[in-house]
Amino acid sequence: MRTLPVFPDLRSFLAWAQEERQVLHIREPVNLRHEMAAIQQQMLRADGPVLRFDKAMQGAAASSIPVVANLFGTSERVAAGLGVAPSAISDLGAFLAELRAPAPIRGLKDAMSRWPTLRTALTTRPNIMKRPPVQQIEAAPDLGALPIQTPWPEDAGPLITWPVVNTRPHGSDPAQAADYNLGVYRAQVLGPDRLILRWLAHRGGAAHARTWHMRDEPMPVAIALGADPATLLSAALPLPEQISEMAFSGVLRGARSELAHAKTVPLLVPARAEIVIEGWVHPGDTAPEGPFGDHTGYYNAVEPFPVMRVSTITHRKDPLYLTTMTGRPPDEPSVIGEVFNTLALPVIRAQIPEIRDLWLPPAACSYRMAVIAINKRYAGQARRVMMALWGMLAQFSYTKTIIVVDDDIDVRSWDNIAWAMATRMDPARDVMVLKDTPMDYLDFASAKEGLCGKLGIDATNKIGSETRRSWGEVMTHDPAHLDRADALVSEWQRDQHG
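Residues numbered from 1 in each chain as written. Predicted model: local features only at pLDDT ≥ 70, side-chain atom pairs only at ≥ 80, totals over all residues. Heavy atoms only, no water.

Even after reading the chapter, I still don't get the packing of aromatic side chains, so can you show me in this structure?
Within a pair of aromatic rings, the relevant descriptors are the distance that separates the centres and the angle that separates the planes. Throughout the structure, instances matching the rule amount to 8 aromatic pairs. Each ring, one from Phe-7 and one from Phe-13, has its centre 5.1 Å from the other, and the planes form 90°; the classification is edge-to-face. For the pair shown, Phe-7 and Phe-13 are each scored as buried. With centroids separated by 6.0 Å and ring planes inclined at 75°, the aromatic side chains of Tyr-298 and Phe-444 adopt a geometry described as edge-to-face. (Phe/Tyr/Trp six-rings, centres within 6.5 Å; stacked < 30°, edge-to-face > 60°. Buried < 20%, exposed > 50% of the residue type's maximum accessible area, 1.4 Å probe, protein only.)

Structure, rendered in structure tokens:
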């Protein structure tokens, strides 16, 4: 399945990107307050390269640590971070579906045919390094020494935007990596040794914290900055609960994960990260977080979240600082989300087989709207699919609108979607509205915090008891005539350009 070199760390990925002429060195001074984020956003909208800022300005002084941004600003680089070519994303999605619900092995021949999958599973056992690169230097806690940007004008302060937060449940073995959760939760800097971790109640980090705090014990936390691409993307992937992000990063990397024991907390950390921040989250210790510009294009409300007390910071001798910015799409998370859309399709189809294609429009925050193409066979099927998505799959609980179309419609074409809605949908019959369903509290459109309605639109051809009228037949040309027409168009285009 893997088609690219193994990237054991961020540096090897940057070296590959440099060879592909996808790295831009910005040697002029750039301010960490607002200016750096503006450059990132405009460069991403131009499908631009990875950015390396050599002079990140903290006030009047330049940081000694270079800043890397826009790492996954194109779908091609996201695919590379996953270890495959863009054309192989669907195959990786099928592998992920197999991990969720593996089919039984029938005999030796079947077992041998799956050897690549079995061999990949063996790579998930981590290698523990005694002298990891990320611990070449250990320093007293001073978050102010890191080139942490303040992306938006109304932001509350410096914000760590690409942290891989390592946690484990109370009572688990610190050396058992399979029990760990890796999550990307933004972190607001409060001072030299304090920051706020914004993890929502349903996320893995919050669930682990509850197991510690119910016993009135502080929870150990380690934040990896500048991890290898497989670890970064595994932390962001919606993996099955039984699959560890650390383990799956080894699957993506095609090599065993390299971990190390943290210095001051009982945790394992990515050995080849650029920087690791260690510390503790104590029961009841919270602070007001925000406001910060969010992926919705709005500033989020100020709310209390846990405070992490930093115990030490370790890093390489010459570390790099990885950052990103979020805002109204397109942004880096929405680019990653488009690739994850393709990854998720085989997993979804395994549970709802009639689904043929799925699109989560990036402009709709990558999850608040979905367009679904189905192989329709019976009356009411579109509504059944809507209810299945909202009820069976947790990742669709915040999807406000689902449009279901037939499988002759290109779900990524707004023109096709509009045509299907205009010709196959009767608002009085084909619109379903639900009230008071779960929703991201960042949705300011809803009247109640954490609750909103759901809208389902059936834009499929109506069959059986769905209509009393004879349904029209879609007009199509003879394929042979289309081949001739395409040849003539191609000939005309060549003449126009040459």
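Would you mind showing me how to read the packing of helix 3 (residues 75–82) against helix 10 (residues 332–351) here?
To characterise two packed helices, one gives the angle between the axes of the helices and the distance between these axes. Two elements in contact, helix 3 and helix 10, have axes separated by 9 Å at closest approach and are oriented at 60°. By the angle class used here, helix 3 and helix 10 are oblique. Helix-helix and strand crossings are classified by hand; for helix 3 and helix 10 the assignment is right-handed. When helix 3 is examined against helix 10, the residues Ser-75, Val-78 and Leu-82 are found in contact with a partner set consisting of Val-335, Ile-336, Val-339 and Leu-343. Grouping the constituent residues of the contact of helix 3 with helix 10 by class yields 6 nonpolar, 1 polar and no charged. (Axes fitted to C-alpha atoms, helices over the stretch in contact; angles between N-to-C directions. Helix = DSSP H or I, 4+ residues; strand = E, 2+ residues; numbered from the N terminus. Parallel < 35°, antiparallel > 145°, perpendicular 65-115°, else oblique. Left-handed = near helix turned anticlockwise from the far one by under 90°. Contact = heavy atoms within 4.5 Å. Nonpolar A, V, L, I, M, F, W, Y, C, P; charged D, E, K, R; others polar.)

When you look at the packing of helix 8 (residues 229–236) against helix 9 (residues 245–253) in this model, what are you seeing that I'm missing?
Taken N-terminus to C-terminus, the directions of helix 8 and helix 9 make an angle of 130°; their axes are 8 Å apart at the nearest point. Viewed along their axes, helix 8 and helix 9 adopt a mutual orientation that is oblique. Crossing geometry of helix 8 relative to helix 9 is assigned as right-handed. Contacts between helix 8 and helix 9 involve Ala-230, Thr-231, Ser-234 and Ala-235 from the former and Glu-245, Phe-248, Ser-249, Leu-252 and Arg-253 from the latter. Taken together, the residues that form the contact of helix 8 with helix 9 break down as 4 nonpolar, 3 polar and 2 charged.

Could you clarify how one ought to interpret unusual backbone geometry in this entry?
Note on backbone geometry: most residues besides glycine have negative phi, and most peptide bonds are trans. Following Gly-290, the chain continues to Pro-291 via a peptide bond in cis, the omega torsion being 0°. As for its placement among the helices and strands, Pro-291 is situated in the loop between strand 17 (275–289) and strand 18 (303–315). Pro-329 connects to Pro-330 through a cis peptide bond whose omega is 5°. Tracing the backbone through its elements, the reader meets Pro-330 in the loop between strand 19 (321–322) and helix 10. Not every positive phi belongs to a glycine, and Asp-47 is a case in point at roughly 55°. For Asp-47, the position within the fold is in the loop between helix 2 (35–45) and strand 3 (50–53). When its relative accessible area of 60% is taken as the criterion, Asp-47 is described as exposed.

What is the right way to read the nonpolar core from this model?
Where a protein is soluble and globular, its nonpolar side chains tend to be buried together. Core analysis: the biggest nonpolar cluster contains 62 residues, and Leu-71, Phe-72, Val-78, Leu-82, Leu-232 and Phe-248 have the highest contact counts within it. Per-element tally for this core: the top contributor is helix 10, with 6 residues. Not counting residues within four places of it along the chain, the set of residues in contact with Leu-232 comprises Leu-71, Phe-72, Trp-162, Val-164, Ala-227 and Leu-322. (Core = buried A, V, L, I, M, F, W, Y, C linked by side-chain atoms within 4.5 Å.)

Looking at this structure, I do not really get the environment of Ala-46. What am I missing?
Here Ala-46 shows up in the loop between helix 2 and strand 3. A relative accessible area of 55% places Ala-46 in the exposed class. Linking Ala-46 and Trp-212, residues 166 residues apart in sequence, is a C-alpha distance of 45 Å.

Is there a simple way to think about the side chain of Asp-9 in this case?
With respect to the helices and strands, Asp-9 occurs in the segment before helix 1 (10–19). Assessed through its relative accessible area of 8%, Asp-9 is described here as buried. Engagement of the side chain of Asp-9 in a polar contact is seen with the side chain of Arg-316, the distance being 3.3 Å. If we ignore the near neighbours within four places in the chain, the residues touching Asp-9 are Asp-228, Pro-229, Arg-272 and Arg-316. (Polar contact = N/O pair within 3.5 Å; in protein donor to acceptor, adjacent residues only side chain to side chain.)

Could you clarify how one ought to interpret empty space enclosed by the protein in this entry?
Over the atoms rolls a probe the size of a water molecule, and its path tells where empty space is left. Taken as a whole and assessed by the stated rule, the structure comprises 2 cavities of 30 Å³ or more. There is about 50 Å³ of room inside the largest cavity. Lining the largest cavity, in full, are Gln-40, Leu-44, Asn-70, Thr-324, Met-325, Asp-331 and Glu-332. Of the residues that constitute the lining of the largest cavity, the class distribution is 2 nonpolar, 3 polar and 2 charged. (1 Å grid on protein atoms, 1.4 Å probe; cavity = no way out; pocket = protein on both sides within 12 Å on 5 of 7 lines; lining within 4 Å. Points joined across faces, edges and corners; volume = space filled by probe spheres on them.)

Teacher, can you tell me more about the sheet that holds strand 6 (residues 67–69) here?
Adjacent strands of a sheet form backbone hydrogen bonds with each other and so pair up, either parallel or antiparallel. With respect to topology, 4 strands assemble into an open sheet ordered 1-3-6-19, the strand pairing being mixed. The outermost strands of the open sheet, each flanked by one partner alone, are strand 1 (23–26) and strand 19. Bridge count for strand 6 against strand 19 is 2 bridges, and the pairing is parallel. Bridge pairing links Val-68 to Leu-322 in strand 19. (Pairing = 2+ DSSP bridges.)

Explain helix 10 to me, please; I cannot follow it from the model alone.
In an α-helix, one turn spans 3.6 residues; hence positions three or four apart end up facing the same way. Compared with an ideal rise of 1.5 Å per residue, which puts 20 residues at 28 Å, helix 10 spans 29 Å between its outermost C-alpha atoms and is within 8% of the ideal. Glu-332, Ser-334, Val-335, Ile-336, Val-339, Phe-340, Asn-341, Leu-343, Ala-344, Leu-345, Val-347 and Ile-348 are the residues of helix 10 that are buried. (Expected span 1.5 Å × (residues − 1).)

Sorry if this is basic, but what is going on with the sheet that holds strand 20 (residues 355–359) here?
A sheet is described by the order of its strands in space; here 5 strands give the open sequence 20-21-22-24-23, paired in mixed fashion. Of all the strands in the sheet, the pair left with one neighbour each is strand 20 and strand 23 (431–438). The average undirected angle you get between the axes of adjacent strands in this sheet is 20°. One ladder, built from 6 bridges, connects strand 21 (residues 369–374) with strand 22 (residues 401–406); its direction is parallel. The partner of Ala-373 across the bridge, within strand 22, is Val-405.

Is there a simple way to explain the environment of Thr-423 in this structure?
Assignment of secondary structure puts Thr-423 in helix 12 (residues 414–424). Thr-423 gets classed as partly exposed once you look at its relative accessible area, which sits at 42%. Each C-alpha atom, one on Thr-423 and one on Thr-460, is 9.1 Å from the other, the two residues being 37 residues apart in sequence.

Quick question: what am I supposed to make of the environment of Glu-338 here?
Here Glu-338 shows up in helix 10. The class of Glu-338 is partly exposed, set by a relative accessible area of 41%. Along the backbone, Glu-338 and Thr-74 are 264 residues apart, and their C-alpha atoms lie at a distance of 9.9 Å. Residues in contact with Glu-338, not counting those within four places in the same chain, are Trp-359 and Pro-362.

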